[in-house]
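Listed here are the chains, written in short residue letters.
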Amino acid sequence: MDRPRVIGVDLGGTKVLAGIVDEDGAVHETVERPTVTTSQTALLDELAAIVRELPQQGVSALGFGIPSRIDHAHGLALGAVNIPIRDVRFADEMQQRLGLPVEMENDASCAAYAEFKLGAGRGATDLIALTLGTGVGGGVVSGGKLFRAYTELGHMVIVEDGEPCQGACSGRGHVEAYCSGTAAGKIAKRLLGPNADARDLVEQEHPVLGEIGHHLGVAIGSLVNIFGSTRVIIGGGFGIAAFDHLVPAARLAVLREALAPGGQTLEIVRAELGGRAGLIGAALVAFEGL
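Residues numbered from 1 in each chain as written. Predicted model: local features only at pLDDT ≥ 70, side-chain atom pairs only at ≥ 80, totals over all residues. Heavy atoms only, no water.

Student: Can you help me understand the pattern of salt bridges in this one?
Tutor: Two side chains of opposite charge can pair, provided their charged atoms sit close to one another. Overall, the coordinates contain 10 salt bridges when judged by the stated rule. The salt bridge involving R33 is made with E53; its shortest N-O contact spans 2.6 Å. In this pair, R33 sits in strand β3 (residues 27-34) while E53 sits in the loop between α1 (40-52) and β4 (59-66), placing the two residues 20 residues apart along the sequence. On the accessibility criterion, E53 (42% relative accessible area) is partly exposed. Between R97 and E93 there is a salt bridge; the shortest N-O distance is 2.7 Å. With R97 and E93 both in helix α2 (residues 90-98), this residue pair falls 4 residues apart, about one helical turn. A relative accessible area of 22% places R97 in the partly exposed class. Residues joined by salt bridges that share partners form a network here, namely D45, E93 and R97. (Salt bridge = Lys/Arg side-chain N within 4 Å of Asp/Glu carboxyl O. Helix = DSSP H or I, 4+ residues; strand = E, 2+ residues; numbered from the N terminus. Buried < 20%, exposed > 50% of the residue type's maximum accessible area, 1.4 Å probe, protein only.)

Here it is in structure tokens:
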């Protein structure tokens, strides 16, 4: 008998990655496309088209990781900062288009769950994962279970009345405004010239990465105080690339901000599953739905 398979879909601000995943979390065929941002209907239709490009034989469910606050009680994707999703019964819409059971979860929570099960979170029961990419996403595992709530950790305030956030967010001083790849890119343009980006900061080992790391550590310290996490996993394109330059300053900030002994014993580790973490986590959520 063929082993059960599902399709996991990681919907990001700039690209969509979908793939066939088996029960062990192994990824088989994948499809990657730019994210359609012209309208909500166009985005949902494009997601369905991407899924249809994958082999459907033996696929029993679909899991979507989406960058949105999710109201699980009412099945609603409430709103995303960087893509056109708002107040939509996302799982129902995709099930109508594709004819298979659909589960949905916040994309960063999916990445956190994948790392917990199969990556840098193995062996921990209480962890936080932060993805530093276009924005800043976050996921929490508490007591060995995925914390299934809004979990918009990137929109936690770390500087009162600070830098404006991005996209549709009206807030100021959020983690995303200081620690995302987008924020780092703005800093690079200001310091290095109009054609510079976050990669230039990393390649030049620019001292400003220490400032970004400090902001990250302030956020982590507060999160440790709230959740009692013993491990923090840093992922996302910018987070992985800049990890070694961010963590020293982040550790110092955590030691100051986190109540003892949380700061002293906290592990800060690099994500292991790379760009496929969200896809794998979405698939794991789909398997649980079955």
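Student: Mind showing me how you'd approach helix α10 (residues 277-289) here?
Tutor: Counting along an α-helix, one turn takes 3.6 residues, and residues three or four places apart therefore face a common direction. The end-to-end C-alpha distance of α10 is 18 Å, a good match for the 18 Å that 13 residues give at a rise of 1.5 Å each. Across the 13 residues that make up α10, a large majority, 11, are buried. Along α10, the residues that are buried comprise A277, G278, L279, I280, G281, A282, A283, L284, V285, A286 and F287. Each element contacted by the buried residues of α10 is listed here: β1 (5-11), β2 (15-22), β3, β4, β8 (102-106) and α3 (107-118). (Expected span 1.5 Å × (residues − 1). Contact = heavy atoms within 4.5 Å.)

Student: What exactly am I supposed to notice about the sheet that holds strand β7 (residues 86-88) here?
Tutor: The strand order β5-β6-β7 describes an open sheet built from 3 strands, whose pairing is antiparallel. With partners counted over all chains shown, the strands left at the sheet margins are β5 (69-71) and β7, one partner each. Adjacent strand axes in the sheet meet at a mean angle of 25 degrees when their direction is disregarded. Pairing between β5 and strand β6 (residues 76-79): 3 bridges, direction antiparallel. (Pairing = 2+ DSSP bridges. Axes fitted to C-alpha atoms, helices over the stretch in contact; angles between N-to-C directions.)

Student: What am I meant to see in the side chain of E105 here?
Tutor: Assignment of secondary structure puts E105 in strand β8. Given the relative accessible area of 0%, E105 is considered buried.

Student: Where do I start with the nonpolar core in this structure?
Tutor: In summary, soluble globular proteins display a tendency toward joint burial of nonpolar side chains. Ranked by size, the top nonpolar core spans 40 residues in total, and within it L130, I220, I234 and F238 carry the most contacts. Of all the elements in the fold, those that place two or more residues in this core are β9 (127-132), β10 (136-142), α4 (175-179), α5 (181-192), α6 (198-203), α7 (208-227), β12 (231-235) and α8 (237-257). Here this core takes 9 residues from α7, the largest share from any one element. The contact partners of L130, leaving out residues within four places of it in the chain, are G137, G138, L153, L216, I220, L223, I233, I234 and G235. With 31 residues, the next largest nonpolar core counts V9, I50, V59 and M104 among its residues. (Core = buried A, V, L, I, M, F, W, Y, C linked by side-chain atoms within 4.5 Å.)

Student: Is there a simple way to explain the packing of α1 against α2 in this structure?
Tutor: Axes are the key here: two packed helices are described by the angle between their axes and the distance separating the axes. Two elements in contact, α1 and α2, have axes separated by 10 Å at closest approach and are oriented at 50 degrees. Classified by the angle their axes make, α1 and α2 are oblique. Remark: the crossing between α1 and α2 carries right-handed chirality. Contact residues: α1 offers T41, L44, D45, L47, A48, V51 and R52, while α2 offers F90, E93, M94, R97 and L98. Considering only residue class, the contact of α1 with α2 consists of 7 nonpolar, 1 polar and 4 charged. (Parallel < 35°, antiparallel > 145°, perpendicular 65-115°, else oblique. Left-handed = near helix turned anticlockwise from the far one by under 90°. Nonpolar A, V, L, I, M, F, W, Y, C, P; charged D, E, K, R; others polar.)

Student: Mind showing me how you'd approach the side chain of E115 here?
Tutor: Inspection of the secondary structure puts E115 in helix α3. Within the buried core, E115 has no salt-bridge partner, and the shortest N-O distance to an opposite charge, that of R122, equals 7.2 Å. With residues near it in sequence (within four places) discarded, E115 still touches A120, G121, R122, I233, A271, E272, L273, G274 and A277. (Lys, Arg positive; Asp, Glu negative; His and termini not counted.)

Student: Is there a simple way to think about the state of the cysteines in this case?
Tutor: Each disulfide is one covalent bond, formed between the sulfur atoms of two cysteines. Enumeration according to the criterion identifies 0 disulfides in this entry. C165 provides the cysteine sulfur closest to C179, a residue in no disulfide bond, and the two sulfurs are 11 Å apart. The class for C179 is buried, based on a relative accessible area of 0%. (Disulfide = S-S within 2.5 Å.)

Student: Even after reading the chapter, I still don't get α5, so can you show me in this structure?
Tutor: Taking 1.5 Å per residue, 12 residues should reach 16 Å; α5 reaches 15 Å between its end C-alpha atoms and fits that length. Turning to α5, the residues buried within the fold contact α4, α6, α7 and α8.

Student: Explain the packing of aromatic side chains to me, please; I cannot follow it from the model alone.
Tutor: In this description, an aromatic ring pair is defined by two values, namely the gap between the centres and the angle between the planes. Overall, the coordinates contain 3 aromatic pairs when judged by the stated rule. Each ring, one from Y113 and one from F116, has its centre 6.2 Å from the other, and the planes form 25 degrees; the classification is stacked. In this pair, Y113 and F116 are both assigned in helix α3, 3 residues apart and thus about one turn of the helix distant. Take Y113 and F116: they sit in the same class, and that class is buried. Look at F147 and F227: their rings are 5.7 Å apart centre to centre, the planes differ by 65 degrees, and that puts the pair in the edge-to-face class. Placement of F147 in the loop between β11 (145-146) and α4 and of F227 in helix α7 is noted, with a sequence separation of 80 residues between them. (Phe/Tyr/Trp six-rings, centres within 6.5 Å; stacked < 30°, edge-to-face > 60°.)

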